[in-house]
Amino acid sequence: MDPLRLICVFGLLVLAQPRVVMDGTGLQKCGFQAIYNFGDSNSDTGAISAALSEVTSPNGETFFGHPSGRACDGRLIIDFIAERLKLPYLSAYLDSVGADFRHGANFATGGSSIRLGGYSPFHLGIQISQFIQFKARTTALYNQLSPSDPGKIPPFKSNLPRPADFSRAIYTFDIGQNDLAYGFQHTTEEQVRKSIPDILNQFAEAVHRLYEEEARIFWVHNTGPLGCLPYSYLYHNSNPGNLDQNRCVKSQNEIAQEFNRQLKNKVSQLSTQLPHSAFTYVDVYSVKYQLISTARSQGFIDPMNFCCGSFYGVHIDCGKKAIVNGTVYGNPCGHPSMHISWDGIHYSEAANLWVANRILNGSHSCPAFSVEEACQLV
Ligand SMILES: *[C@@H]1O[C@H](CO)[C@@H](O)[C@H](O)[C@H]1NC(C)=O
Ligand SMILES: *[C@@H]1O[C@H](CO)[C@@H](O)[C@H](O)[C@H]1NC(C)=O
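Owing to the predicted nature of the structure, the values given are computational and were not obtained by experimental measurement.

Asks: Sorry, what's going on with the pattern of salt bridges here?
Replies: Where charged atoms from two side chains of opposite charge approach closely, those side chains can pair. Under the counting rule described, the total for this entry stands at 13 salt bridges. Measuring nitrogen to oxygen at the nearest pair gives 2.7 Å for the salt bridge that ties Arg-115 to Asp-198. Within this pair, whereas Arg-115 is found in the loop between β4 (104–106) and α4 (124–144), its partner Asp-198 is found in helix α6 (residues 189–212), the two being separated by 83 residues in sequence. Measuring nitrogen to oxygen at the nearest pair gives 3.3 Å for the salt bridge that ties Glu-214 to Lys-135. Here the residue Glu-214 occupies a position in the loop between α6 and β6 (217–221), and Lys-135 occupies one in helix α4, the gap between them amounting to 79 residues. Lys-135 sits in the buried class, given a relative accessible area of 11%. Ionic contacts of the salt-bridge type, sharing partners, join the residues Arg-75, Glu-83 and Glu-349 into one network.

Asks: Before we go on, may I ask you to explain the site of ligand 2 in this structure?
Replies: In the neighbourhood of ligand 2, the contacting residues comprise Asn-357, Arg-358, Asn-361 and Ser-363. Note that an oxygen atom of ligand 2 is positioned 3.5 Å from one of the backbone N or O atoms of Asn-357. In isolation ligand 2 offers 360 Å² of accessible surface; the protein chains occlude 39% of this area. Residues of the shell around ligand 2, tallied by class, amount to no nonpolar, 3 polar and 1 charged.

Asks: Can you help me understand the packing of aromatic side chains in this one?
Replies: For any pair of aromatic rings, geometry is given as the distance between the ring centres together with the angle between the planes. In total, this model carries 29 aromatic pairs according to the counting rule given. Each ring, one from Phe-64 and one from Tyr-89, has its centre 6.1 Å from the other, and the planes form 75°; the classification is edge-to-face. With a gap of 25 residues between them, Phe-64 in the loop between α2 (47–51) and α3 (77–84) and Tyr-89 in the loop between α3 and β4 connect regions that are remote in the sequence. Its end group placed over the ring of Phe-166, Lys-135 keeps NZ or CZ at 5.8 Å from the ring centre. For the cation-ring pair, Arg-216 lies above Tyr-211, with the distance from its terminal atom to the ring centre recorded as 3.7 Å.

Asks: How should I be thinking about the layout of surface pockets in this particular structure?
Replies: Where empty space is left in the structure can be found by rolling a water-sized probe over the atoms. Roughly 1,200 Å³ of volume is contained in the largest pocket. His-315, Asp-317, Asp-343, Ile-345 and His-346 are the residues nearest the centre of the largest pocket, which is lined by 38 residues in total. At the level of secondary structure, the elements contributing two or more residues to the lining of the largest pocket comprise α5 (177–186) and α7 (230–236). Of the residues forming the lining of the largest pocket, the biggest block, 5 residues, is contributed by α5.

Asks: Which parts of the structure should I look at to understand the site of ligand 1?
Replies: Around ligand 1, the neighbouring residues are Tyr-312, Val-324, Asn-325 and Tyr-329. Measuring from an oxygen atom of ligand 1, one finds a side-chain N or O atom of Asn-325 at 2.2 Å. With the chains in place, 32% of the 360 Å² that ligand 1 exposes on its own is no longer accessible. Partitioning the shell around ligand 1 into residue classes produces 3 nonpolar, 1 polar and no charged.

So, how was this worked out
Residues numbered from 1 in each chain as written. Chains lettered and ligands numbered in written order. Predicted model: local features only at pLDDT ≥ 70, side-chain atom pairs only at ≥ 80, totals over all residues. Heavy atoms only, no water. Salt bridge = Lys/Arg side-chain N within 4 Å of Asp/Glu carboxyl O. Helix = DSSP H or I, 4+ residues; strand = E, 2+ residues; numbered from the N terminus. Buried < 20%, exposed > 50% of the residue type's maximum accessible area, 1.4 Å probe, protein only. Near = heavy atom within 4 Å. Polar contact = N/O pair within 3.5 Å; in protein donor to acceptor, adjacent residues only side chain to side chain. Areas by Shrake-Rupley, 256 points an atom, 1.4 Å probe, with all protein chains shown as cover. Nonpolar A, V, L, I, M, F, W, Y, C, P; charged D, E, K, R; others polar. Phe/Tyr/Trp six-rings, centres within 6.5 Å; stacked < 30°, edge-to-face > 60°. Lys NZ or Arg CZ within 6 Å of the ring centre and 35° of its normal. 1 Å grid on protein atoms, 1.4 Å probe; cavity = no way out; pocket = protein on both sides within 12 Å on 5 of 7 lines; lining within 4 Å. Points joined across faces, edges and corners; volume = space filled by probe spheres on them.

Rendered as structure tokens:
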């Protein structure tokens, strides 16, 4: 293995603790048996749809053939993570219908932020409390059910996580975008910038709580270029001086990048504070920005154009229609795979796949391990 692969964000620290397990062929595969995910709509596989407001058709049309609880025409990055680890798609903890938690659970809910207050009641602290309760209750139930009895009514032992898998699972995060978005909507950009240290202290506290529950392996996505979402553009195009060459809102992206710089430091700090932990920081921002700036050569149309929902000065949600002065707004497009943006806020399956193909092999991670190898430093 190229030792330079280890030198990145955690730099000397990682070199000083060479605990990499090597076999003859290079890096070990971790053989993850469970994924526990925390986040917002970028990785919600059915929570907000079950709990608060149904995600309707045409969401899901490309891959699932029906609404799947995801704000997307198909799969999300977390689904591509599951595929890569050869595990089933994650059931949402809040979805009580047909859930299977043998290989993990998804606590991400649409609209969630790290801090309390914001678009959703299920902020990160609540998601962690849900996980702690989930772990305690499933463990008790698992130990109580007999192994052989398949049962006729749930709970089935085979739908519950194996208690021993909690300490060997991968804990994934994609959260923070709504802390910034809510801040931009309700406060000034300067206030948003000043709030970043507090947001990240709360992120660190969440990680500490998981660590106390035996979580060891963490995979952390940074936040994307919020200013490149079509809705950011539509609400800011009256000020062209604040748009970059890709028509992304410059000031919002600068603050997202500042958030990411501080997140990277925080993750590095956590990896020193918590013994026998393995953290991978994943630069989703750069990959999404690269996609937006090379859209056409990658086979996509104008990145500010989105497939589902509409905007005529007023926002028509994906799945709804409005007729204004005889014009129908809100018909979905015919070819979602040509759009980077599905609904003006969320990425299409085609874009999610493009991003997943570039982040999951480790080429944008620090340390540069793929998602299958994310346990190396434990
Ligand atoms: C609809 O017509 C009204 C009256 O002419 C006009 O003020 C408004 O801008 C039009 N709306 C759209 C979306 O075209
Ligand atoms: C990861 O995948 C991308 C896209 O397929 C490729 O360009 C890159 O070279 C790969 N990197 C590694 C480290 O395998």
